[in-house]
Amino acid sequence: MTDARTTRAALDGRVVNVYCTANRHLGPTLSFTNKFLAHYHRSSRPQITNLFYGPASAHDLKLYESECGGPGIANLHVPDAARVCGLLGRSKASLVIVHGQFLNGFWKAICRRPRLWRRTVLVFWGGDLAGLVQSHQLSGKGRSVRQRLLFRAILPGVLRRFRLVGVLMPYDKAILLAHFPRLGNVFRTPYPLPDWLAETEVCRTQPGKASAGRTVVCGNSGHPNNNHIELIDYARKLDDGETRWLFPLSYGPLDHIALVCGYGNCILGRAFVPLRQTTPLQEYSETIRSAHALVYNHTLENRSQQGMGNICLAMVHGLKVYMRSDSPLYRQLRDWGAIVYDTLQLLGDDKVSFFLQMSEGDRETNRRVLRAHFSEGTALQHWEDAFRATSPS
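What this report covers is the structure whose coordinates are included nearby. Quick caveat, the model's predicted, so the values are computed rather than measured.

Glancing now at helix α9 (residues 170-179). Among the residues of α9, those classed as buried are Tyr171, Asp172, Ile175 and Leu176. Seen along its axis, α9 keeps its buried residues to an arc of 140°; they face one direction.

In structure tokens, the structure reads:
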């Protein structure tokens, strides 16, 4: 891992991937991006630096090095988000690609570096997009009216000056343009399903039948917008005495997580299984692969859907996926022909219908939808179209 003191050599003249260490999808995301860069610059393969920012242990840094290394690729870790933007602003990096899930302070810091904008690609993920829209709607707490009005007036002009603003889904582009209608540099830049995921064995349970010893995964984090209390009440109604109700709670407000654990233990007893630790991606994939269903109940104040990667993971493995029907991802998947279920209808379900496995035909329909819209070839084409449309030349 390159030391921060040698950053000029690691940044000047290179393409720089900027990535937050808080995100678990680091390896697949950067592997695809670097493959795209080699594909796009066919005649002259660029030199690449993967710049990780945020807290990271020595073990984490060794993992990043093994997952994201390769010929012509350097890895650099800078703990402080604001310092990252300062380094990039002073460097002569040819192109900067900022991948989503920005840590606090990063967005503010990059907006203060106008020299960086024209050579920067911003890829917004769901949570980042929600935060941006929320700020633009003047709902940011702790800001004076003057600060919020300035933010509302200045932000559209800043976004227009970046080379490219990427989003993951078609509805993300619609959301962004609804709030910033004059942006002409917004394009869909999806990431594909990782190769190891697409090739994973699926369908452990026999379609059309219920299986004993089931696990149902409820929510994706300890954030309150998962509506955990309501999910636990759903589980109490549907519980058959043989099911584990697994709640991922590895991050979120600690007081809320404590409330969820107390209520879950009280209502479901030993059937309530809180997952408090962050799990490696492939281990988490195995947890989902062996489950019966994935149930999400997010409140969508800003029309963002958390856990999109987990939803795709569950669909590949043939699970029933439940989301609220007011989620734009629910509507998008249904428009594409996928078989997904409405969490808002769960109270009307009986135990037999809830625990009935999907048919193999429905499972294959979902995989076909994912292959059509999240294959590597599709993702490469979207990224290439976006880069060509915004090429400085």
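Moving on to the pattern of salt bridges. Under the counting rule described, the total for this entry stands at 10 salt bridges. Two residues, Asp240 and Arg214, come together in a salt bridge whose shortest N-O distance is 1.9 Å. Taken together, the residues Asp240 in the loop between α11 (228-238) and β9 (244-248) and Arg214 in the loop between α10 (195-198) and β8 (215-218) connect sequence positions 26 residues apart. Given the relative accessible area of 6%, Arg214 is considered buried. Between Glu364 and Arg371 there is a salt bridge whose closest N-O contact spans 2.4 Å. Owing to a relative accessible area of 27%, Glu364 belongs among the partly exposed residues under this scheme. Several salt bridges converge on common partners, so that one network encompasses Glu360, Arg363, Glu364, Arg367 and Arg371.

This part is about the nonpolar core. One finds Ile97, Ile311, Met323 and Phe387 to be the most contacted residues of the largest nonpolar core, which totals 55 residues. Each residue touching Ile97, except ones within four places of it in the same chain, is listed here: Val15, Val16, Asn17, Val18, Thr33, Leu37, Val121, Val123, Trp383 and Phe387. Of all hydrophobic cores here, the second largest spans 36 residues; its members include Cys20, Leu87, Ala109 and Leu159.

The next thing to look at is empty space enclosed by the protein. For the structure on display, the rule yields one cavity of 30 Å³ or more. Along its surface, the largest cavity is lined by Cys218, Leu231, Tyr234, Ala235, Leu238, Trp245, Val295, Leu346 and Phe354. The greatest single-element share of the lining of the largest cavity, amounting to four residues, is contributed by α11. Taken together, the residues of the lining of the largest cavity sort by class into nine nonpolar, no polar and no charged.

The topology assignment puts Thr120 in strand β5 (residues 120-124). Among the polar contacts made by the side chain of Thr120, one reaches the main-chain carbonyl oxygen of Leu116 at a distance of 2.6 Å. Beyond its immediate chain neighbours, meaning those up to four positions away, Thr120 contacts Val96, Val98, Ile110, Phe162, Arg163 and Leu164.

Axis separation between helix α2 (residues 26-40) and helix α3 (residues 58-68) bottoms out at 9 Å; the angle between their running directions is 35°. For α2 against α3, the interelement crossing comes out right-handed. Contact with α2, carried on its side by Leu26, Gly27, Leu30 and Ser31, involves Tyr64, Glu67 and Cys68 of α3 and no other residues of that element. Of the residues contributing to the contact of α2 with α3, the split by class is four nonpolar, two polar and one charged.

With that settled, the discussion passes to the pairing of strand β1 (residues 15-20). Of all six residues making up β1, six are buried, and the element is well covered by its neighbours. Here β1 shows a buried face lined by Val15, Asn17 and Tyr19 and a second buried face lined by Val16, Val18 and Cys20. Of the pairings in the sheet, the one linking β1 to strand β2 (residues 48-53) comprises six bridges and is parallel in character. Bridged to Tyr19 within β2 is Phe52. Of the pairings in the sheet, the one linking β1 to strand β4 (residues 95-98) comprises four bridges and is parallel in character. Across the sheet, the residue bridging to Val15 is Leu95, located in β4.

Rules of the game
- Residues numbered from 1 in each chain as written.
- Predicted model: local features only at pLDDT ≥ 70, side-chain atom pairs only at ≥ 80, totals over all residues.
- Heavy atoms only, no water.
- Buried < 20%, exposed > 50% of the residue type's maximum accessible area, 1.4 Å probe, protein only.
- Helix = DSSP H or I, 4+ residues; strand = E, 2+ residues; numbered from the N terminus.
- Arc of directions from axis to C-beta.
- Salt bridge = Lys/Arg side-chain N within 4 Å of Asp/Glu carboxyl O.
- Core = buried A, V, L, I, M, F, W, Y, C linked by side-chain atoms within 4.5 Å.
- Contact = heavy atoms within 4.5 Å.
- 1 Å grid on protein atoms, 1.4 Å probe; cavity = no way out; pocket = protein on both sides within 12 Å on 5 of 7 lines; lining within 4 Å.
- Points joined across faces, edges and corners; volume = space filled by probe spheres on them.
- Nonpolar A, V, L, I, M, F, W, Y, C, P; charged D, E, K, R; others polar.
- Polar contact = N/O pair within 3.5 Å; in protein donor to acceptor, adjacent residues only side chain to side chain.
- Axes fitted to C-alpha atoms, helices over the stretch in contact; angles between N-to-C directions.
- Left-handed = near helix turned anticlockwise from the far one by under 90°.
- Pairing = 2+ DSSP bridges.

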